[in-house]
Amino acid sequence: MSDIVEKTLTALPGLFLQNQSVGGPAGVKASFSSRLGGLVRGITALTSKHEEEKLIQQELSSLKATVSAPTTTLKMMKECMVRLIYCEMLGYDASFGYIHAIKLAQQGNLLEKRVGYLAVSLFLHENHELLLLLVNTVVKDLQSTNLVEVCMALTIVSQIFPREMIPAVLPLIEDKLQHSKEIIRRKAVLALYKFYLIAPNQVQHIHIKFRKALCDRDVGVMAASLHIYFRMIKENSSGYKDLTGSFVTILKQVVGGKLPVDFNYHSVPAPWLQIQLLRILGLLGKDDQRTSELMYDVLDESLRRAELNHNVTYAILFECVHTVYSIYPKSELLEKAAKCIGKFVLSPKINLKYLGLKALTYVIQQDPTLALQHQMTIIECLDHPDPIIKRETLELLYRITNAQNVIVIVQKMLEYLHQSKEEYIIVNLVGKIAELAEKYAPDNAWFIQTMNAVFSVGGDVMHPDIPNNFMRLLAEGFDDETEDQQLRLYAVQSYLTLLDVENVFYPQKFLQVMSWVDASLSF
Amino acid sequence: MQFMLLFSRQGKLRLQKWYVPLSDKEKKKITRELVQTVLARKPKMCSFLEWRDLKIVYKRYASLYFCCAIEDQDNELITLEIIHRYVELLDKYFGSVCELDIIFNFEKAYFILDEFLLGGEVQETSKKNVLKAIEQADLLQESGESRSPISIL
C-alpha cells in the first residue's frame, strides 16, 4: 500500500483511542473507565439474571433519553451506540437506537461514522425498512475523496444492502474497479460479489470486468474475484471452461511459491487461495476429460507439496483429494489420493480421523475397496467415545450395507439412536434404518422386530412415509403367498404381545400402525 | 460462512457476526441451543459438529469459544485456520489478547473481523496488510494525532 493510503487507513484505528492518552495494550486499561467498561463491570458484579435485566433496562432507558436529546454530541452518540450494541448482543431490544445508528453513519466524522456503520450492520437486516435511509449516505461516501470513507461504504455494501437500490450504487462501484488502490478494487469486487448473491441478473453485464479482476496484478483483488467465479461456475460450468488454463496457471504459481512472502500462512503459500482454486477446478473438471487433463499436473504437484504437518496443509490435502475424486478419473492421482485418505483415517488426531471418514463416505461409490482396506479402523471408530465420530462411521456404513452385514449395522444404528436426544439426528437415522430394513432384511421376524424398534424410538417425529410404506408393504405383500402370510402373522402376533405389556408408553404413530395391522390383517 | 459466535465458558456471548439473514428470534434460538451443545462437548473430542443441518467448527482458546457455522461444501479444516488467523490478528493487535480485551473492546474486535472476513469470505490473505494498518494506529496515536486525516490527501 502506498504511504498515503497507509496513513489514512491507519489513522482510523488511532481514533479509537481518542479518549485515552496511551495506545496499544495500555489503552485497554484506560478503557476500563469508559462508560461501556462501567456497564460491563456492573453486569459482571450481579449474580442473578433478574438483576441483570433490571440493570440493562435502566441502562437502556437512560440511553434512550440520551440518544433522543438534541444536545447529545456525535461523540457521545458514538459512545451510546457501543453500549447499545452490547445490550443487543446480550439479547435485549434496542430498536429505538437504529435510526440513530444511521444518522451517526451519515453525520459523524471518520470514527463515529465507522461505529455508525458497524451498528447498522449488526442491528438491521436485509428487509428492514430503515435500510433505505442508508443508501444516500453510502452514495455520498462512495464519492468521497477520503479513501477511508470509500472503504467503509464498500464494506457496508458487502454486508447489507437493499436489493432494490442496487442500480443506484452499481455504476459507482463499477467505477471503483479501476481504482489505483488495491484495497478499493478488492472491496469493490466483494461488493459486486454480494450483489451477485442477492440479485444476479443485475450484474450480468459486467462479467467482462470480473475477468479483468481475475487478471489483476494484485493478489488480493484476484483472490476476491474467485469468490464470484466459484458461484458462477457452480451454476454453469460450461460457460467458463476456457478459463481453466488461467486457474491452473495461478494455482501453479501459488503452489510454486511465486507469491510475495506476506501471503504465507505458517510457511504455506496462500492456503485460502489454493483451496478456492481447487474447488473451482473440481467443478470445471467434472465429467469432462479434456478439461480434467489440464489439471492433472498441478493437482499432482499440490499433493506432493503438502508435506508439512500443519493443520492447514491437511486442509489443502483434503480439498485436493476431493477435487481428484470429482473430476474425470486418473488412476495415478486416485492412488495417491487414496493413500492420503488412508493416512487421515489412521491418524490419531481426531479431527483428521473425522475427515478421513468423511472422505471415505464421499468416495465409496467410486472405490468401494478403499473402505474394505480400512475396515478394522472403521469398526474401531464405531465404539469411539466421541459421538460425532460414531455418527460419521454410521453414515459410512449405511453406504456399504449389503445383505451380509445389514443385521450388525442396523443394530449399531439402533444403539446409537437410543442414546441420541437430538430430533434432527433421530429423524435422519430412523429414515435410514427403515430403508435398509426394507431393502436387505434377511427374514420376516427380523424385519418386523426392527421396524418395531424404529417406530418406538422414532415415534412421532419420524417422517410419515415410514409407517405408511410399512403398512402398504404388509397390505400388498410380496409375490410369494406363503411369505406374505408368514409376515402378516408374525406382525399381528408381535403386536398383540406388545399391547399386552402393561405400563409401557408407545408413540402415537406406533399405536396407529399396531391397531391397523391387528384390525385389517388378523383372522 | 453463515455465522461466527464467540462465547465464554459460562455461555455468555461476546461477539456475534451473522452472514445470513435470519430473524432476531431465530438468531437467539440458534445461539442458545448451539452454545449449550458446544459447551457439552468434552475436551478431547472432534472440533467439528453436525448440528441440525449445519456444519459447526469450534475451537476453544483459554476461556473463549470460537464457533463458526459453514456451508456443506466448505472445508472444515480451513475454517479452523480461519479461526486461528483471527485469533492471531487479535493477539497481535492487543498484545497477548485475553477475554477481557475482547469484552471491553468488542467494537475493535468487530473492525478487525470485518477487515479479514467480508460477507462470510476471507478477504485478505496477506497478514501483513491487515496488521500494518492496525499497528501503525498506535504510532499515530502516540504522536497525538487525533484529527481526521483528510488533509493528508
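Rules and cut-offs
Residues numbered from 1 in each chain as written. Chains lettered and ligands numbered in written order. Predicted model: local features only at pLDDT ≥ 70, side-chain atom pairs only at ≥ 80, totals over all residues. Heavy atoms only, no water. UniProt positions renumbered as here; feature names shortened; annotations may be inferred. Helix = DSSP H or I, 4+ residues; strand = E, 2+ residues; numbered from the N terminus. Buried < 20%, exposed > 50% of the residue type's maximum accessible area, 1.4 Å probe, protein only. Areas by Shrake-Rupley, 256 points an atom, 1.4 Å probe, with all protein chains shown as cover. Rg over C-alpha atoms; globule rule 2.2 N^0.38 Å. Lys, Arg positive; Asp, Glu negative; His and termini not counted. Charge placed at Lys NZ, Arg CZ, Asp CG, Glu CD. Salt bridge = Lys/Arg side-chain N within 4 Å of Asp/Glu carboxyl O. Axes fitted to C-alpha atoms, helices over the stretch in contact; angles between N-to-C directions. Parallel < 35°, antiparallel > 145°, perpendicular 65-115°, else oblique. Left-handed = near helix turned anticlockwise from the far one by under 90°. Contact = heavy atoms within 4.5 Å. Nonpolar A, V, L, I, M, F, W, Y, C, P; charged D, E, K, R; others polar. Pairing = 2+ DSSP bridges. Phe/Tyr/Trp six-rings, centres within 6.5 Å; stacked < 30°, edge-to-face > 60°. Lys NZ or Arg CZ within 6 Å of the ring centre and 35° of its normal.

Identification of chain B as AP complex subunit sigma from Neovison vison is taken from an unreviewed UniProt entry. Per UniProt, chain B carries the Subunit (unreviewed entry) text "Adaptor protein complex 1 (AP-1) is a heterotetramer composed of two large adaptins (gamma-type subunit AP1G1 and beta-type subunit AP1B1), a medium adaptin (mu-type subunit AP1M1 or AP1M2) and a small adaptin (sigma-type subunit AP1S1 or AP1S2 or AP1S3). Binds to MUC1." Under the UniProt heading Sequence similarities (unreviewed entry), the note attached to chain B is "Belongs to the adaptor complexes small subunit family."

For chain A, the name recorded in an unreviewed UniProt entry is AP-4 complex subunit epsilon-1, with Neovison vison as its organism. What UniProt states about chain A under its Sequence similarities (unreviewed entry) heading is, verbatim, "Belongs to the adaptor complexes large subunit family."

(A) Fine view of the overall build of chain B. In terms of regular secondary structure, chain B is built from five helices and seven strands. N-terminal to C-terminal, the α/β element order of chain B is β-β-α-β-β-β-α-α-α-β-β-α. Every one of the 153 residues in chain B was classed for burial, and the buried ones make up 63%. Roughly 6200 Å² of accessible area belongs to chain B as shown, and the carbon and sulfur atoms make up 49% of that amount.

(B) View of the overall build of chain A. Within chain A, the regular secondary structure consists of 28 helices and two strands. A compact globule built from 523 residues would reach a C-alpha radius of gyration of about 24 Å, whereas chain A, at 31 Å, exceeds it by more than 25%. Over its C-alpha atoms, taken along the principal directions, chain A stretches across nearly 90 × 65 × 45 Å. For chain A, with 523 residues in total, the buried portion stands at 55%. Carbon and sulfur atoms form 53% of the exposed surface of chain A, whose accessible area is close to 23700 Å². A gap of 12 Å separates the mean positions of the 52 positive and 56 negative side-chain charges of chain A.

(C) Spatial organisation of the pattern of salt bridges. Going through the model one piece at a time under the given rule, you end up with 27 salt bridges over all chains. Where R114 of chain A meets E115 of chain B, a salt bridge forms, and the shortest distance between an N and an O atom there is 3.6 Å. Placement of the pair is R114 of chain A in helix α7 (residues 110–123) and E115 of chain B in helix α4 (residues 106–116), with the two residues belonging to separate chains. Of the two residues, R114 of chain A and E115 of chain B, both sit in the buried class.

(D) Main features of the packing of helix α8 (residues 132–142) of chain A against helix α9 (residues 147–159) of chain A. All names here are of chain A. Relative orientation of the contacting elements α8 and α9 amounts to 140 degrees, with a least axis distance of 8 Å. The orientation of α8 with respect to α9, classified from their angle, is oblique. Between α8 and α9 the crossing geometry is left-handed. Counting all contacts with α8, which are made through L134, V138, D141 and L142, the residues of α9 involved are E149, V150, A153, L154, I156 and V157. Within the contact of α8 with α9, the residues separate by chemical class into eight nonpolar, no polar and two charged.

(E) Region of the structure containing the packing of helix α6 (residues 98–107) of chain A against α8 of chain A. All names here are of chain A. Across the interface, α6 lies against α8 with an axial gap of 9 Å and an inter-helix angle of 15 degrees. It follows from the interaxial angle that α6 and α8 lie roughly parallel. Where α6 crosses over α8, the two elements pack in a sense that is left-handed. Mapping the contact onto sequence places I99, I102, A105 and Q106 in α6 and L133, L134, T137, K140 and D141 in α8. Split into classes, the residues belonging to the contact of α6 with α8 amount to five nonpolar, two polar and two charged.

(F) Quick look at the pairing of strand β1 (residues 3–8) of chain B. All names here are of chain B. Taking burial as the measure, the six residues of β1 include six buried ones, the bulk of the element. Burial along β1 is two-sided: F3, L5 and F7 and M4, L6 and S8, pointing in opposite directions, are all buried. Note that β1 and strand β2 (residues 13–18) share five bridges and pair antiparallel. Paired with L5 across the two strands is Q16, which belongs to β2. Here β1 hands over to β2 after four residues, with G11 in that stretch at a positive phi of 90 degrees. Relative to strand β5 (residues 64–70), β1 is paired through six bridges, and the arrangement is antiparallel. Its bridge partner lying in β5, L6 is registered against F66.

(G) Structural context of the environment of V321 of chain A. Residues and elements named next belong to chain A. Locating V321 in the fold gives a position in helix α17 (residues 311–326). Along the primary structure V321 and H418 are separated by 97 residues, whereas in three dimensions their C-alpha atoms are 35 Å apart. Filtering out sequence-adjacent residues up to four positions away, V321 remains in contact with A337, C340 and I341.

(H) A look at the sheet that holds β5 of chain B. Here we have five strands laid out as an open sheet, ordered β2-β1-β5-β4-β3 (chain B), and antiparallel in their pairing. Edge strands, defined here as strands with exactly one partner in the open sheet, are β2 and β3 (48–51) of chain B. Neighbour-to-neighbour, the strand axes of this sheet turn through a mean angle of 20 degrees, independent of strand direction. Docked against the sheet, helix α19 (residues 350–363) of chain A engages β3 and β4 (54–61) of chain B, running at close to 50 degrees with respect to β3 of chain B. Where helix α2 (residues 76–94) of chain B meets the sheet, it contacts β1, β2, β3, β4 and β5 of chain B, and its direction lies at approximately 35 degrees from that of β4 of chain B.

(I) A look at the packing of aromatic side chains. Going through the model one piece at a time under the given rule, you end up with 18 aromatic pairs over all chains. One aromatic cluster is present, built from ring pairs that chain together Y86 of chain A together with F106 and Y110 of chain B. Across the ring face of F111 of chain B, the terminal group of R114 of chain A is positioned such that the distance to the ring centre comes to 4.6 Å. The ring of F230 of chain A carries the charged tip of R279 of chain A above its face, separated from the ring centre by 5.0 Å.

(J) Highlighting the environment of T66 of chain A. Residue and element names in this part refer to chain A. By the secondary structure assignment, T66 is in helix α4 (residues 49–68). Look at T66 and you get partly exposed, because its relative accessible area is 22%. Taking C-alpha positions, T66 is 68 Å from Q449, a pair spaced 383 residues apart along the chain. With residues near it in sequence (within four places) discarded, T66 still touches T72, M76 and C80.

(K) Geometry of the pairing of β4 of chain B. Residue and element names in this part refer to chain B. Of all eight residues making up β4, six are buried, and the element is well covered by its neighbours. Strand direction decides the pairing type here: β3 and β4, joined by four bridges, are antiparallel. Among the inter-strand pairings, E50 is bridged to a residue of β4, identified as K55. Between the antiparallel neighbours β3 and β4 lie two residues, among them R52 with a positive phi of about 50 degrees. The pairing of β4 with β5 spans seven bridges and is classified as antiparallel. Across the sheet, the residue bridging to V57 is C68, located in β5. Taken together, β4 and the strand that follows it, β5, pair antiparallel across an intervening segment of two residues, in which A62 is found at a positive phi of about 50 degrees.

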